[in-house]
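Each chain is listed here by its residues.
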Protein chains: 2
Amino acid sequence: MRGVVMYAPGDVRVEDREKPTILEPTDAIIRAAAVCVCGSDLWPYRGIEKLAGPTPMGHEYVGVVDEVGADVRNVEVGDFVVGSFVASDNTCEICQAGYQSRCVHNVMMGSVGTQAELIRVPLADGTLVPTPGMPDADLIPSLLAASDVLGTGWFAAVAAEAGPGKTVAVVGDGAVGLSAILAAKQLGAERVIAMSRHADRQALAREFGATDLVEERGDAGIAKIKELTNGLGAHSVVEAVGTQESMEQAIGSTRPGGHIGYVGVTHDVKLDGLDLFFSGVHLHGGPAPVRRFLPELIQLIWDRKIEPGKVFDLTLPLEDAAKAYRAMDERSATKVLLTV
Amino acid sequence: MRGVVMYAPGDVRVEDREKPTILEPTDAIIRAAAVCVCGSDLWPYRGIEKLAGPTPMGHEYVGVVDEVGADVRNVEVGDFVVGSFVASDNTCEICQAGYQSRCVHNVMMGSVGTQAELIRVPLADGTLVPTPGMPDADLIPSLLAASDVLGTGWFAAVAAEAGPGKTVAVVGDGAVGLSAILAAKQLGAERVIAMSRHADRQALAREFGATDLVEERGDAGIAKIKELTNGLGAHSVVEAVGTQESMEQAIGSTRPGGHIGYVGVTHDVKLDGLDLFFSGVHLHGGPAPVRRFLPELIQLIWDRKIEPGKVFDLTLPLEDAAKAYRAMDERSATKVLLTV
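Definitions and limits used
- Residues numbered from 1 in each chain as written.
- Chains lettered and ligands numbered in written order.
- Predicted model: local features only at pLDDT ≥ 70, side-chain atom pairs only at ≥ 80, totals over all residues.
- Heavy atoms only, no water.
- Helix = DSSP H or I, 4+ residues; strand = E, 2+ residues; numbered from the N terminus.
- Rg over C-alpha atoms; globule rule 2.2 N^0.38 Å.
- Buried < 20%, exposed > 50% of the residue type's maximum accessible area, 1.4 Å probe, protein only.
- Contact = heavy atoms within 4.5 Å.
- Areas by Shrake-Rupley, 256 points an atom, 1.4 Å probe, with all protein chains shown as cover.
- Lys, Arg positive; Asp, Glu negative; His and termini not counted.
- Charge placed at Lys NZ, Arg CZ, Asp CG, Glu CD.
- Buried area = accessible area lost by both parts, 1.4 Å probe.
- Salt bridge = Lys/Arg side-chain N within 4 Å of Asp/Glu carboxyl O.
- Polar contact = N/O pair within 3.5 Å; in protein donor to acceptor, adjacent residues only side chain to side chain.
- Nonpolar A, V, L, I, M, F, W, Y, C, P; charged D, E, K, R; others polar.
- Pairing = 2+ DSSP bridges.

## Structural notes on the overall build of chain A
For chain A, the helix and strand inventory stands at 12 helices and 19 strands. Scaling as 2.2 N^0.38, a compact globule of 340 residues should have a C-alpha radius of gyration of about 20 Å, and chain A matches this with 19 Å. The C-alpha extent of chain A, read off along each of the three principal axes, is 60 × 40 × 40 Å. Taken across its 340 residues, chain A has 60% of its residues classed as buried. At a minimum sequence separation of 6, the contacts of chain A that also span at least 24 residues come to 68%. Surface exposure of chain A reaches about 12600 Å², of which carbon and sulfur atoms provide 49%. Positive and negative side-chain charges of chain A, numbering 30 and 45 respectively, have mean locations separated by a distance of 3 Å.

## Quick look at the interface of chain B and chain A
It is common to report an interface's size as the accessible area lost on association of the parts. Listed per partner, the contact involves 35 residues of chain B and 34 residues of chain A. At the boundary of chain B with chain A, total buried surface from both sides reaches about 3100 Å², with 62% on carbon and sulfur atoms. Here D272 of chain A ties to K270 of chain B by a salt bridge, and the two come within 3.2 Å at their closest N and O atoms. Between the two partners, chain B and chain A, sit 22 residue pairs in polar contact (both at pLDDT 80 or more). Elements supplying a minimum of two residues to the side of chain B that touches chain A: α2 (93-96), β15 (254-262), β16 (270-272), α10 (273-279) and β17 (282-285) of chain B. Considered class by class, the residues forming the side of chain B that touches chain A number 17 nonpolar, 13 polar and 5 charged. Of the pairings in the sheet, the one linking strand β16 (residues 270-272) of chain A to β16 of chain B comprises 3 bridges and is antiparallel in character. In the strand pairing of β16 of chain B, D272 of chain A is matched with K270 of chain B.

## Describing the environment of G174 of chain A
Residue and element names in this part refer to chain A. Within the secondary structure, G174 is located in the loop between β11 (167-171) and α6 (175-186). Taking the relative accessible area as the measure of exposure, G174 reaches 22% and is therefore partly exposed. Sequence spacing of G174 and A333 is 159 residues, and the spatial spacing of their C-alpha atoms is 9.9 Å. Apart from residues no more than four positions distant in its own chain, G174 is found in contact with R201 and T334.

Right, dumping it as structure tokens:
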């Protein structure tokens, strides 16, 4: 079967890979309908994360169950399913508390490499959520978004305690930040401030529910948020970038006692203890437990109440994966969907 | 009037200071019944925080209202009152959200210097909470503890979401850590693990409600907490020290999705972004909004349901303040009460 392999920074190839098989009785094999490229796939592409050798890529996926192991009960061959970027049993104490991304038996789907025709999904019963039926083609991008960026943005908005009466600021206008805007709006936030300086992303932010736009960054961005919030800072701030500057911008934009949901993978970030102490904020984040939210998100998509698939601004066939990586690296695309 | 002044690291004197007067119509003057020395007073005493010059010291106090400004409505001359280490109006949006230590009009009582016979308290209506009557002498240490260490430990336990069914670990066995143990117990925690290696503090920890003791620190301490929690880590961790090691110990001891309440002032601490990200914990802390909890704490003390005053293991007259600082610096005392 065909699948994406990264050989070195900037060197992405689509080639014949071995067809996956059931290894554990709790595995399922799914035939991908669509997969995509994640912002985090750009870390090795840019040489910031090291590759041990040629590496199958990808961790987002939707598709149809092709084969199940002997112990699989919750999904059947032929089901259309959505999974998250972490396989989880959904039964351990950590999963039951809503942190499936840290399941005691978790398997990172990035280690499987989902940018391929066929995907082995471990812990299928805990990981995969079937849709109510076979989706119309136009729903597939949104269901795929639920697999990672929407689920991650949603978690960030929940971690930031977005809700009625709240002013929510979102740092980062990538697919996750935009999804967090959609989530904040759905969660009932009174005001959603998008921090963005790209016209196309600003337009989607507005469409997803942003009530205000702030183009400034750093201290100027913080000053602007304070100006918009009676000098106090936002109640809730989503951080969806993961740099030193963006984390400091998020902390500085939050009022004392406010909440930050951070989901940008924090590379080379050091938080100053005293600054954090005196900020008085709540800080929560990490790899999003997307599985917690999947049933709710799938239903919202199924009922056409949200259309998170709009974050995909380029669609290419799997064979053109190299072009997809290049487009995201060069920022000519926010998020690329690969049809399989 | 007599009051404590620090001239230089290690140089604490009791001398005649100018009698405070009402400066604003919202001020009150109180005649101190008891004051005390805080762990944070040791930072300048040890030369870690710089002094600009001779500095009146102290920020904890209980006493009797001696005089009130023209606009004061909630307390009267003759009331016995407890205040926190931050004066707050208790009416602004931040106060109303429960973060009185970050009131938009806050005044740090350390800038007043409460280790004295008479104390000017700004924003008296918002800051001071009267007791139900004149307290018996044996209640005074506990009421004084409410002014800072109990209120801070209580906030930390609340921030760590200590409660029924929870396993709570407490890093730090000073007066605040011990108070957090008392708080966790009162809040209904199922299990309270004190991380302490001092026999006398272990004994008080047990008396306050600790169910387990861990003497190990750092990675060994983390391993022990995991051993006691089915490999997962505690649900709730209180950090009451403020060093790099103690923060890392707290983060490492918390399960994914768990909560850390940190109240040790984090000097020279840098939190690694990736470690924090992958820990998946909730982090909340800062200067405790003690005022939020004062009515409840005063009632618990008044009804003799808790006796937080046991954290004072040395009582001296105000005139012996230098001896009090020395005892805490040398760790021959955990917390010293100064009678006035």
